[in-house]
Amino acid sequence: MGLRIYNTLTRKKDVFEPLNPGRVGMYVCGVTVYDLCHIGHARSVVLFDVIYRFLMKCGFAVTYVRNFTDVDDKIINRANQVGDYWKDLAERFIVEFYTDMDALGVLRPTHEPKATEHIGEIQALITNLIHKGFAYEVDGDVMYSVESFSGYGKLSGKKIEDLVSGARVEIDQKKRNPLDFALWKAAKPGEPYWDSPWGPGRPGWHIECSAMSVKYLGERFDIHGGGADLTFPHHENEIAQSEAAAGGAFATYWIHNGFVNIRSEKMSKSLGNVLNIRDILKTCHPETLRLFLLSSHYRSPLDYSDESLKEASSALERLYSAILVLDRLIDAKGLSSDRPEEIMNLSSRFVEAMEDDFNTPRCLAILFEAARCINRINTEYGANVEKIPSSETLLNCRTDIINLSRDVLGILKEEPVAFVERARHAGTTELGITVSEIDGLISERGQARKNRDFKRADEIRDKLAGFGILIEDGPKGATWRVKDRN
RNA sequence: GGCGGCUUAGCCAAGCGGUAAGGCGACGGUCUGCAAAACCGUUAUACGGCGGUUCAAAUCCGCCAGCCGCCUCCA
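What counts and how
- Residues numbered from 1 in each chain as written.
- Chains lettered and ligands numbered in written order.
- Predicted model: local features only at pLDDT ≥ 70, side-chain atom pairs only at ≥ 80, totals over all residues.
- Heavy atoms only, no water.
- Pairing = 2+ DSSP bridges.
- Helix = DSSP H or I, 4+ residues; strand = E, 2+ residues; numbered from the N terminus.
- Expected span 1.5 Å × (residues − 1).
- Buried < 20%, exposed > 50% of the residue type's maximum accessible area, 1.4 Å probe, protein only.
- Arc of directions from axis to C-beta.
- Axes fitted to C-alpha atoms, helices over the stretch in contact; angles between N-to-C directions.
- Parallel < 35°, antiparallel > 145°, perpendicular 65-115°, else oblique.
- Contact = heavy atoms within 4.5 Å.
- Nonpolar A, V, L, I, M, F, W, Y, C, P; charged D, E, K, R; others polar.
- 1 Å grid on protein atoms, 1.4 Å probe; cavity = no way out; pocket = protein on both sides within 12 Å on 5 of 7 lines; lining within 4 Å.
- Points joined across faces, edges and corners; volume = space filled by probe spheres on them.
- Right-handed = clockwise from strand over helix to strand, strands pointing away.
- Phe/Tyr/Trp six-rings, centres within 6.5 Å; stacked < 30°, edge-to-face > 60°.
- Core = buried A, V, L, I, M, F, W, Y, C linked by side-chain atoms within 4.5 Å.

*Asks:* It is not clear to me how the sheet that holds strand S13 (residues 302-304) should be interpreted in this structure. Could you clarify?
*Replies:* Sheets are built from strands that pair by backbone hydrogen bonding, the pairs being arranged parallel or antiparallel. If you walk across this open sheet you meet the 3 strands as S12-S11-S13, and the pairing is mixed. Strands at the two margins of the open sheet, each flanked by one partner only, are strand S12 (265-266) and S13. Sheet topology places strand S11 (residues 260-262) next to S13; 3 bridges connect them, and they run parallel. By the bridge assignment for S13, Asn261 is matched with Asp303.

Put into structure tokens, the structure is as follows:
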């Protein structure tokens, strides 16, 4: 069938045909480093991480570029607020970015260019645009003339006239058209600047992506991505800049991810409901957050709530625990030649789902169907070697589940035994009771149960429950876990 | 005002013309001293409403209602 991608430019799913067979060039707009990353950033970064992983799994040699915007109004303003040097502030939040993304298991792109390290390329591009008549200088600023580019609006489906009449654009006497945007901004006193043919100043926001994408990927490349909000004006302006400078086409496929809402509300600073990645990660396993982010289609809005994260956590545990069951079945050395559909051809069905515009929810459903099948085999035939499928069949299934989950989705990377153990005891230190005290009480309760003193046994269970500890009796004695953990 | 999108069980969520995936929850069962956990099973004659096209529509078209996003920095 082949890979099909919903392309914002054509507004339909297009068959993916790379410019150069076997190779893919992908540019994704990264973050402006002036604050900690929130769950919305996580969604975008994880999505493109999964796309990157999948393209590699398909055998493509992928050049993946994700930039850092490290000089901009927001950075300068924030630095002034906190009394920091803008460059130090930006560098610090780059470190914080990596802290969060590494925790989420996000792979490093091929190149991660910073705007401040490409001032030369940016200036050359602006000079080129002025020479070709697409840009003009006014008092040390350089503006892009949207009317000079006939394709302006083709990505976002907007017309210049409609936008102008919308009256939401700020009227600036320097601009020939209210929609013209800055390629180069003259420095105001106290602002960072670089010398340029137009005087001291700094790059506008949109131009860095045009300059850096051409440097690392060439004038034409395959995939350009980012959050849905970047479609206009950022990506529209990038197209205008890059196509005007090159005199030809820019990126072929435009991918935009939907937003994360918090309890059905838009996440925004003014509502005070911005959720940082690291705060969420204090309450759940990183793979839980990844699973949550991949549980709905990337173009749909995704609603975050404590409950939905908890659901993702339960779902992740279900997968890990199925692997544990599978391992027991493999050890059982089954003799049946049965090959249940749910655990066969996982790889081809998974790839088929991914090829359909990166349908990760369908991928997860395939994994859960396999998990249910494994559990059913265990409960129905667990004691009957004649009925358990052969170790070879089950081992292939295990390999598929682990490889697809780990390599493409970036989950199930832990040893199942270790994961289950960790999930049970995570957060113990905050309970006000030590592990040895817990173990002491549990062995006392075990003794009481042995003596059929169930009153005492239940007292101990209630006492531990008061500390948030849940007792689980098993064939090999009681184990415990921390309650209400994601 | 302009442009775009969404509406599927209690909740989340696939589905892209052939007769409703999956997850969570709930309920029933197995297990247990009783529980918990785990597992199994059950859980939408039905896809916002009304028309139309078709042998066949959640899926295509039209109208209506509701929700949302972008048009301003934003993933």
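Let's pick the thread back up.
*Asks:* Honestly, unusual backbone geometry in this entry has me stumped. Any pointers?
*Replies:* The bulk of non-glycine residues show a negative phi, and the bulk of peptide bonds are trans. Omega for the peptide link from Phe232 to Pro233 comes to 0°, which places this bond in the cis form. Position of Pro233 relative to the elements: it lies in helix H7 (residues 231-246). You will see that Arg452, though not glycine, has its phi angle at about 55°, which is positive. Position of Arg452 relative to the elements: it lies in the loop between helix H15 (435-450) and helix H16 (454-466).

*Asks:* Honestly, H15 in this entry has me stumped. Any pointers?
*Replies:* Every α-helical turn comprises 3.6 residues, leaving residues that sit three or four positions apart pointing alike. With 16 residues, H15 extends 22 Å from end C-alpha to end C-alpha; this agrees with the ideal 22 Å at 1.5 Å per step. All of the buried residues along H15 are Ile438, Leu441, Ile442, Arg445 and Ala448. Seen along its axis, H15 keeps its buried residues to an arc of 115°; they face one direction. Opposite its buried face, H15 presents the exposed residues Ser436 and Lys450, each directed more than 90 degrees away. A positive backbone phi angle near 55° is found at Arg452, which sits one or two residues after H15.

*Asks:* Is there a simple way to explain the packing of helix H1 (residues 39-57) against helix H9 (residues 286-293) in this structure?
*Replies:* The description of two packed helices rests on the angle between their axes and on the distance between the axes. The contact between H1 and H9 brings their axes to 10 Å, and the two run at 80°. Considered as vectors, H1 and H9 are oriented roughly perpendicular to each other. Across the interface between the two elements, Ile39, Ala42, Arg43, Val46, Asp49, Val50 and Arg53 from H1 touch Leu289, Arg290, Phe292 and Leu293 from H9. Considering only residue class, the contact of H1 with H9 consists of 7 nonpolar, no polar and 4 charged.

*Asks:* Explanation requested: the layout of surface pockets in the structure shown.
*Replies:* What the largest pocket holds in volume is close to 1,200 Å³. Along the wall of the largest pocket there are 40 residues; nearest its centre are Tyr34, His38, His41, Asp229 and Leu230. Looking at the lining of the largest pocket, the elements that each hand over two or more residues are strand S3 (23-32), H1, strand S4 (61-69), helix H6 (205-217) and H7. Partitioned by chemical class, the residues of the lining of the largest pocket number 17 nonpolar, 15 polar and 8 charged.

*Asks:* Help me out: how do you make sense of the pairing of strand S10 (residues 251-257) in this one?
*Replies:* Working note: regular strand, side chains alternate between the two faces of the sheet. Of all the 7 residues making up S10, 6 are buried; the element is thus mostly covered by neighbouring parts of the structure. The pairing of strand S9 (residues 221-227) with S10 spans 6 bridges and is parallel. Residue pairing across strands places Gly227 opposite Asn257, the latter belonging to S10. Running through H7, the crossover from S9 to the neighbouring parallel element S10 is right-handed.

*Asks:* What exactly am I supposed to notice about the packing of aromatic side chains here?
*Replies:* Two aromatic rings are characterised by how far apart their centres lie and by the angle between their planes. Enumeration over the complete set of coordinates arrives at 17 aromatic pairs. With centroids separated by 5.1 Å and ring planes inclined at 85°, the aromatic side chains of Phe68 and Phe97 adopt a geometry described as edge-to-face. Of this pair, Phe68 sits in strand S4 while Phe97 sits in helix H3 (residues 86-103), placing them 29 residues apart in sequence. Accessibility assignment for this pair places Phe68 and Phe97 in one class, buried. On the numbers, 6.1 Å between centres and 75° between planes, the contact of Trp86 with Trp194 is edge-to-face. Of the two residues, Trp86 sits in helix H3 while Trp194 sits in the loop between strand S7 (181-186) and strand S8 (201-203), which places them 108 residues apart along the sequence. Trp86 gets classed as buried once you look at its relative accessible area, which sits at 12%.

*Asks:* Please clarify how the side chain of Ser268 should be interpreted in this entry.
*Replies:* Looking at where Ser268 falls in the secondary structure, it is placed in the loop between S12 and helix H8 (277-281). Not counting chain neighbours up to four residues away, the residues in contact with Ser268 comprise Asn273 and Val274.

*Asks:* Any chance you could explain the pairing of strand S1 (residues 4-7) here in plain terms?
*Replies:* Note: S1 against strand S2 (residues 12-15), 4 bridges, orientation antiparallel. When the bridges of S2 are listed, Arg4 appears paired with Val15. Taking the residues between adjacent antiparallel strands as the criterion, S1 and S2 are bridged by 4 residues, where Arg11 takes a positive phi near 60°.

*Asks:* Can you walk me through the nonpolar core in this structure?
*Replies:* Within soluble globular proteins, side chains that are nonpolar generally end up buried alongside one another. Counting residues in each nonpolar core, the largest one holds 96 residues, and the members touching the most others are Ile39 and Leu289. Ranked by residues supplied to this core, first place goes to helix H10 (residues 306-331) with 12 residues. Not counting residues up to four positions away in its chain, the partners in contact with Ile39 are Val260, Ile262, Met267, Leu275, Ile277, Ile280, Leu289, Phe292, Leu293 and Tyr304. Among the nonpolar cores identified, the runner-up in size contains 37 residues, and Ile126, Phe149, Ile160 and Phe181 belong to it.

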